[in-house]
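Chains, contacts and geometry: an overview
What follows is the residue order along each chain.
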Number of protein chains: 2
Amino acid sequence: MVFHTTPSHASKYLFRQLFEKDSSTYTYLLADVSHPQKHAVLIDPVDKTVDRDLSLIHNLGLKLIYAVNTHVHADHVTGTGMLKSKVSGVISVISKASNAKADLLVESGDRIVVGDLVLEVLPTPGHTVGCVTYVTGDGPDQPQPRIAFTGDALLIRGCGRTDFQGGSSAELYKSVHSQIFSLPEETLVYPAHDYKGFTVSTVGEEKQYNPRLTKDKETFKSIMENLNLAYPKMIDVAVPANMVCGLQDPVPTTH
Amino acid sequence: MVFHTTPSHASKYLFRQLFEKDSSTYTYLLADVSHPQKHAVLIDPVDKTVDRDLSLIHNLGLKLIYAVNTHVHADHVTGTGMLKSKVSGVISVISKASNAKADLLVESGDRIVVGDLVLEVLPTPGHTVGCVTYVTGDGPDQPQPRIAFTGDALLIRGCGRTDFQGGSSAELYKSVHSQIFSLPEETLVYPAHDYKGFTVSTVGEEKQYNPRLTKDKETFKSIMENLNLAYPKMIDVAVPANMVCGLQDPVPTTH
Ligand SMILES: [Fe+2]
Ligand SMILES: [Fe+2]
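So, here is what we can say about the structure in this document. (Residues numbered from 1 in each chain as written. Chains lettered and ligands numbered in written order. Predicted model: local features only at pLDDT ≥ 70, side-chain atom pairs only at ≥ 80, totals over all residues. Heavy atoms only, no water.)

The secondary structure content of chain A amounts to 6 helices and 12 strands. The C-alpha atoms of chain A give a radius of gyration of 18 Å, which matches the 18 Å a tight globule of 255 residues would have. Seen through its C-alpha atoms, chain A measures out along the principal axes to roughly 55 × 50 × 30 Å. Counting every position in chain A, which comprises 255 residues, the buried fraction comes to 58%. Taking the intrachain contacts of chain A between residues at least 6 apart in sequence as the baseline, contacts between residues at least 24 apart amount to 64%. Charge-centre separation for chain A: the mean point of 23 positive side chains lies 2 Å from the mean point of 28 negative side chains. (Helix = DSSP H or I, 4+ residues; strand = E, 2+ residues; numbered from the N terminus. Rg over C-alpha atoms; globule rule 2.2 N^0.38 Å. Buried < 20%, exposed > 50% of the residue type's maximum accessible area, 1.4 Å probe, protein only. Contact = heavy atoms within 4.5 Å. Lys, Arg positive; Asp, Glu negative; His and termini not counted. Charge placed at Lys NZ, Arg CZ, Asp CG, Glu CD.)

Residues and elements named next belong to chain B. With the rule as written, the count across this model stands at 21 aromatic pairs over all chains. Ring centres of Phe15 and Phe149 lie 6.3 Å apart, and the angle between their planes is 35 degrees; this geometry places the pair in the tilted category. Of the two residues, Phe15 is situated in strand 1 (residues 13-20) and Phe149 in strand 10 (residues 147-151); the sequence distance between them amounts to 134 residues. The class for Phe149 is buried, based on a relative accessible area of 1%. (Phe/Tyr/Trp six-rings, centres within 6.5 Å; stacked < 30°, edge-to-face > 60°.)

Let us now look at the coordination of the iron ion (ligand 2). Residues and elements named next belong to chain B. The iron ion (ligand 2) binds to the protein through His71 (NE2), His127 (NE2) and Asp152 (OD); the donor distances cover 2.0 to 2.4 Å. All donors to the iron ion (ligand 2) come from one chain, and their sequence spacing reads H-x55-H-x24-D. Of this pair, His71 sits in the loop between strand 4 (63-68) and helix 2 (80-86) while His127 sits in the loop between strand 8 (117-123) and strand 9 (132-136), placing them 56 residues apart in sequence. Accessibility expressed as a relative area gives 2% for His71, which makes it buried. Using a relative accessible area of 8% as the deciding quantity, one classes His127 as buried. (Donors = N, O, S within 2.8 Å, 3.2 Å for Na, K, Ca; no water.)

What follows is about the coordination of the iron ion (ligand 1). All names here are of chain A. Surrounding the iron ion (ligand 1) are the protein donor atoms His71 (NE2), His127 (NE2) and Asp152 (OD), at 2.1 to 2.4 Å. Motif for the iron ion (ligand 1), donor spacing along one chain: H-x55-H-x24-D. One end of the pair, His127, is in the loop between strand 8 (117-123) and strand 9 (132-136); the other, Asp152, is in the loop between strand 10 (147-151) and helix 3 (169-180), and 25 residues separate them in sequence. On the accessibility criterion, Asp152 (7% relative accessible area) is buried.

Quick look at the environment of B:Ile156 now. All names here are of chain B. Relative to the helices and strands, Ile156 resides in the loop between strand 10 and helix 3 (169-180). The class of Ile156 is buried, set by a relative accessible area of 7%. Considering only alpha carbons, one finds Ile156 and Ser201, 45 residues apart in sequence, at a separation of 6.2 Å. If near-sequence neighbours (up to four positions away) are discounted, Ile156 is found in contact with Pro191, Asp194, Phe198, Thr199, Val200, Ser201 and Glu206.

All names here are of chain B. As summarised here, the arrangement of the 6 strands in space is 1-2-3-4-5-6, forming an open sheet in which the pairing is mixed. Because the sheet does not close on itself, it has two edges, and the strands there are strand 1 and strand 6 (104-106). Sheet twist, expressed as the average angle between the axes of neighbouring strands with direction ignored, equals 20 degrees. Looking at chain direction, strand 3 (residues 39-43) and strand 4 are connected through 5 bridges and run parallel. Residue pairing in the sheet places Val41 in a bridge with Tyr66 of strand 4. Here helix 1 (residues 50-59) sits on the sheet in contact with strand 1, strand 2 (25-32), strand 3 and strand 4, set at roughly 160 degrees to strand 1. (Pairing = 2+ DSSP bridges. Axes fitted to C-alpha atoms, helices over the stretch in contact; angles between N-to-C directions.)

All names here are of chain A. By secondary structure assignment, the location of His73 is in the loop between strand 4 (63-68) and helix 2 (80-86). Given a relative accessible area of 0%, His73 falls into the buried group. Placed 166 residues apart in sequence, His73 and Val239 show a C-alpha to C-alpha distance of 6.4 Å. Apart from residues lying up to four places away in sequence, His73 is in contact with Asp44, Ala192, Ala238, Val239 and Asn242.

Below, the structure written as structure tokens:
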């Protein structure tokens, strides 16, 4: 089996992977640089690294249009709200199923269009009730191989926990198998986190080597029920903030 | 200016960027997967992540041939020696100018060949006396755009310090301008480290936005002389180990 690793159409589409070390979060910048307006999207921006991301966007001459979340994160505050307050016209995006607030609430089959680049919305609940995967289109003008931004549904050789935020191991198993593992094997997998220093995988690789999702459903459920993970450190701060995409109502001044 | 970001020939060459968090080091895996033997090279492997890297190489069905260093690192122990002891036939590589021991000592103009993939050796001293940049060839069967593995000579929006290991700010300035900034602007820059979560840049981007190397030579030298950096934590352990590419003589057993 040949594993492809880098999207083509390199001269038409810009792609950058960015890392936030404290929460081991990956943020992705995509743009169609063939269009004069150079529209761009950030997937899973982090509050701490918003200035880095905006500086890069400025250097590259891009115009940020969408700030997109794969789900309501529990381990960091999304940069979506800060991006909206710093760049006028930015549209925040999250799934309708997340019950979070955002400018645009997406559902299965919806498409986010950035220049000629298409991101299709695949529902992949299980880590949280509202997790989605964004996957690039399969047309001839789209990146080849396709690129899947899987959030915490599918991590490289792992997956997100299923014990908070409406999580369900049975749902996650179904989501990954029906929505992600059904994509072409060479599809690139770019997750929201990695804790071991991997940057990318492929659908083919995870179908063969993911230590959890290669198991049968009952074994998977048992693995997920016995992880004995600690209570998420940031959850009580991050989830309320992320339910409004990081955009808090202005604090009334009382001086 | 259009910035390209991902190498083409995705189906012929495999490329993976890997991260070691403690030292913020990037290791790169490259292979020619179009050849039945699937020869591979690791650039700047780290001792702590050798098992991760070998597991990935095994999963991908590759055969590791070369373990290459851009220079004698001072902040981590290279994985080269461990790779040699775990995989028979692996050839360690470092520059002749480094005065370090290795199976293969390379000089300006030398080429490392992995399947059809060519890595050319560019001398880029200044961070250390023996730093080299490995850049992919410019033939039609090579990745487009070209990929430069710059070690610590050129970092994204930065550069390596010049106050140890035969470092020289004047040399580094000359190296980057003559050897790296003379490459095509779309050439991808993959450094040995990043501390802000960037994963890649381009020659064009660094020529325009690198806060140090866009300055004139005297200003650059003054910046480098006034960094006031702490003594490198790991240097007294890492440099002696890396002068032999991490391969210590076996300790004689005295029982
Ligand atoms: Fe999450
Ligand atoms: Fe170094």
